[in-house]
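Here is what each chain is made of, one letter per residue.
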Amino acid sequence: MSTQIQKFLDQRPLFTQCHAVDRDADFAIHLGVWRRSEFPDLNAFVAFVFRYSSVLQPYIAEPDRRDLASWFHPDSNAEESAASYMTNASPLSTNARDWLAKHAATVDGGFLDSSSIDTVIVDNDSMYIQTTEWYIHSFVADLLDAPEPFPQLDGHENEEPWSEDRNFYEFLGPESDSVSCKRDVCDRGRVKHSVFCRPHHFENVKGRPSPYTH
Ligand SMILES: [Zn+2]
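Residues numbered from 1 in each chain as written. Predicted model: local features only at pLDDT ≥ 70, side-chain atom pairs only at ≥ 80, totals over all residues.

Draft legend 1. Examining the overall build of the chain more closely. A count of helices and strands for the chain gives eight helices and eight strands. Looking at the chain as a whole, 23% of its 214 residues are labelled buried. (Helix = DSSP H or I, 4+ residues; strand = E, 2+ residues; numbered from the N terminus. Buried ≥ 20, exposed ≤ 12 C-beta atoms within 10 Å, placed from the backbone.)

Draft legend 2. How the structure looks around the confidence of the model for the chain. When pLDDT is averaged along the chain, the result is 85; 87% of the residues meet or exceed 70. For the stretch residues 144–153, pLDDT sits under 50, and the model shows six contacts to residues farther than four places along the chain or on other chains. (pLDDT = per-residue confidence, 0-100. Contact = placed C-beta atoms within 7 Å.)

Draft legend 3. Inspection of helix H6 (residues 96–103) at higher detail. Within H6, burial applies to Ala96, Arg97 and Leu100. The arc that holds every buried residue of H6, seen down its axis, measures 100 degrees, which confines them to one face. In H6, the exposed positions angled more than 90 degrees off the buried face are occupied by Lys102 and His103. (Arc of directions from axis to C-beta.)

Draft legend 4. Spotlight on the pairing of strand E5 (residues 126–130). Burial within E5 is extensive, with four of its five residues counted as buried. Where strand E4 (residues 118–122) folds back onto E5 in an antiparallel hairpin, the turn is made up of three residues. Of the pairings in the sheet, the one linking E5 to strand E6 (residues 134–142) comprises five bridges and is antiparallel in character. Paired with Ile129 across the two strands is Ile136, which belongs to E6. The loop that links E5 with its antiparallel partner E6 comprises three residues. (Pairing = 2+ DSSP bridges.)

Draft legend 5. Quick peek at the environment of Asp67. Topologically, Asp67 is positioned in the loop between helix H3 (53–61) and helix H4 (68–71). Separated by twelve residues in the primary sequence, Asp67 and Val55 have C-alpha atoms spaced 9.9 Å apart.

Draft legend 6. Spotlight on unusual backbone geometry. Even without being a glycine, His193 presents a positive backbone phi close to 65 degrees. On the secondary structure map, His193 appears in the loop between strand E8 (189–191) and helix H8 (198–206). You can call His193 exposed: it has 8 C-beta atoms within 10 Å.

Draft legend 7. Region of the structure containing the sheet that holds E5. Reading across from one edge, E1-E2-E6-E5-E4-E3 is the order of the six strands in this open sheet, with antiparallel pairing throughout. With partners counted over all chains shown, the strands left at the sheet margins are strand E1 (15–20) and strand E3 (92–94), one partner each. The sheet shows a mean angle of 20 degrees between the axes of neighbouring strands, direction not considered. Of the strand pairs in this sheet, strand E2 (residues 27–35) and E6 are connected by nine bridges, and their pairing is antiparallel. If you follow Val33 over to E6, its bridge partner there is Ile136. Strands E1, E2 and E6 of the sheet are contacted by H3, whose axis makes an angle of about 100 degrees with E2. (Axes fitted to C-alpha atoms, helices over the stretch in contact; angles between N-to-C directions.)

Draft legend 8. Up close: the pairing of E2. Taken together, the six bridges between E1 and E2 define a ladder with antiparallel strand orientation. From the neighbouring strand, His19 faces E2, where its bridge partner is Ile29.

Draft legend 9. Up close: the packing of helix H2 (residues 42–51) against helix H5 (residues 78–88). Their axes nearest at 8 Å, the elements H2 and H5 cross at an angle of 130 degrees. Here H5 runs oblique to H2, going by the angle between their axes. Crossing geometry of H2 relative to H5 is assigned as right-handed. Contacts between H2 and H5 involve Asn43, Val46, Ala47, Phe50 and Arg51 on the former and, on the latter, Ala78, Glu79, Ser81, Ala82, Tyr85 and Met86. Residue composition of the contact of H2 with H5, by class: seven nonpolar, two polar and two charged. (Parallel < 35°, antiparallel > 145°, perpendicular 65-115°, else oblique. Left-handed = near helix turned anticlockwise from the far one by under 90°. Nonpolar A, V, L, I, M, F, W, Y, C, P; charged D, E, K, R; others polar.)

Here is the structure:
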């Protein structure tokens, strides 16, 4: 099971949003954003979401959590379910940013292009979007019915936000195919403007091991 979780972590969202729908926070809009280049097409993206739907809610609510494996329930019919879902879907051709502003105002769609014509698929409680740059999946989930309490955000103020580490790591860019990392035992290539590979550059700058190895 841990291998399957690793597959999810290798392809986890680039960033996430989790916004309470109402003031009592009974429901929240969960949103994950992936690079378009991560998936060959919209069908493959929807199949990925179906395969990992059991971990998306806990992951988006708290990306740093360590207990994801215990949430994962493999769905052996995920591929068929996704294919059937797509067969019955009625995709809209519309601007995703405008659509979100109108129908999901708590979501911050500021990262989206304001003039592109995107593909939006909506059902009762979830949504899939394909833009030139992104795949987006969003769903409404009840936080109170979670099988275990989510970590309190109070008291986490002094911790570095997840997105800062991840953004730092992503912006290091690709590793060289020809020039290797300076660390003796490392067989990865170095990144531009550094003598280290991505994880070792992270470690060198941040003074702690990189949480990422992709
Ligand atoms: Zn290295």
